[in-house]
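Breakdown of the fold
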Amino acid sequence: MKWAILVLSLAYSVFGIGQENLVSNPSFEERIDCPFSQGQIWMLDGWSKVGGGGGVLYYDACSQQVCCSVPINFDGDEYPHTGNAYVGISLLHNSHLYPGNEGVLLGVPLLDSLKKDRKYIVEYYLSLMDSAWFACKNVGVYFSEAKPPNDIEYLLNLEPQIKYDGDFLIQKQGWMKIEGSFIAQGGEKYLTIGNFDGYENSDTLRLDSGATGSYPNPGYWEVAYYYLDDVSVVEDTSYHVGIEGQLAMNNGQLSIYPNPATASLVIEIENSPDQSLAVYDATGRAVLEQKLHGRRNEIDIAHLPKGVYVAVLR
């Protein structure tokens, strides 16, 4: 007896519940030691500077130094989105103080490789530093199999899978949620976040008020500098792609649609005798069994809870 299996997503499962965040140390809480000077990103587990101009700042409530404490530090006054720590990245440097420098890019390995043709939801939070004189809107997230080379020209030629396309990120009090989704090519295991557009192709907004930084010298704060916290990459299990609607079975053809399904499921069989349909939930329990007759059958599945099921015809 031959049989075929098709994975079906019946309606949409609730996103986020029970799903693993694939970002290592997503809230910057896991550390080697407390920061006591600026730019000590190496004290954080997993994260490192990938390239670009300037440093990556690390702030933690455990620090006894004003440079890197939380919530009040050298660059502003902000509580973490969650936990006790966050980092700071420049999306754009001024051109006269740092000639030729672009914004900085930050990266981290993922806990597991992304799966081909799976959809992933990406989220992170930004807060503009109180001291920054400029706001920016050029920020993206790039996924690769390995850490990219520390070469700004190479990095600026990359096309991030997730790219922010909203208004200027001007909020200094509280956090701005940035989110997006993409379909993985498969094998991606490194995340890089920052400005991939470069100085010439970036948009900035001069802030006439609220920019408090004036030390150590004129022009020092002519940057678009942001606190960053809570980076997450989670698979959207409600989305399935790459499952063919047509499957060879015996000497005929089988078509099952729609997929994902919500209220009903249509099964078409050509040149095949009557079949039986069984639908199993994630635990292997049969939740529906029905005899099929003729070429086309429409099955009511509206009573099934949201989730991912396996349909077996034999």
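Residues numbered from 1 in each chain as written. Predicted model: local features only at pLDDT ≥ 70, side-chain atom pairs only at ≥ 80, totals over all residues. Heavy atoms only, no water.

**Focus: the packing of aromatic side chains**
- The final tally for this structure, using the stated rule, is eight aromatic pairs.
- Aromatic side chains Tyr142 and Phe196 sit 6.2 Å apart centroid to centroid with 55° between the ring planes, which places their arrangement in the tilted category. Of this pair, Tyr142 sits in strand β10 (residues 140-144) while Phe196 sits in the loop between β13 (190-194) and β14 (204-206), and the two are 54 residues apart along the sequence. Like Tyr142, the residue Phe196 is buried in the burial classification.
- Taking the ring centre of Phe168 as reference, the NZ or CZ of Lys137 above it sits at 4.7 Å. (Phe/Tyr/Trp six-rings, centres within 6.5 Å; stacked < 30°, edge-to-face > 60°. Helix = DSSP H or I, 4+ residues; strand = E, 2+ residues; numbered from the N terminus. Buried < 20%, exposed > 50% of the residue type's maximum accessible area, 1.4 Å probe, protein only. Lys NZ or Arg CZ within 6 Å of the ring centre and 35° of its normal.)

**Structural notes on the side chain of Asn25**
- Structurally, the position occupied by Asn25 is in the loop between β1 (4-10) and β2 (48-52).
- Once you skip the residues sitting within four places of it in the chain, Asn25 turns out to touch Glu30, Leu44, Asp45 and Trp47. (Contact = heavy atoms within 4.5 Å.)

**Observations regarding the sheet that holds strand β7 (residues 104-109)**
- As summarised here, the arrangement of the five strands in space is β2-β7-β13-β10-β11, forming an open sheet in which the pairing is antiparallel. Two strands close off the open sheet at either side, each with one partner strand: β2 and β11 (162-163).
- Across five bridges, β10 lies against β13 in antiparallel orientation. Within β13, the residue paired with Ser144 across the bridge is Tyr190. (Pairing = 2+ DSSP bridges.)

**Some remarks on the confidence of the model for the protein chain**
- In the predicted model, the protein chain carries a mean pLDDT of 81, and 81% of its residues have values of at least 70.
- In the predicted structure, residues 1-7 sits below a pLDDT of 50 and forms 29 contacts with residues beyond four places in sequence or in another chain.
- Here residues 240-252 is a poorly scored stretch, pLDDT under 50, and it has 33 contacts once near neighbours within four places are set aside; other chains count. (pLDDT = per-residue confidence, 0-100.)

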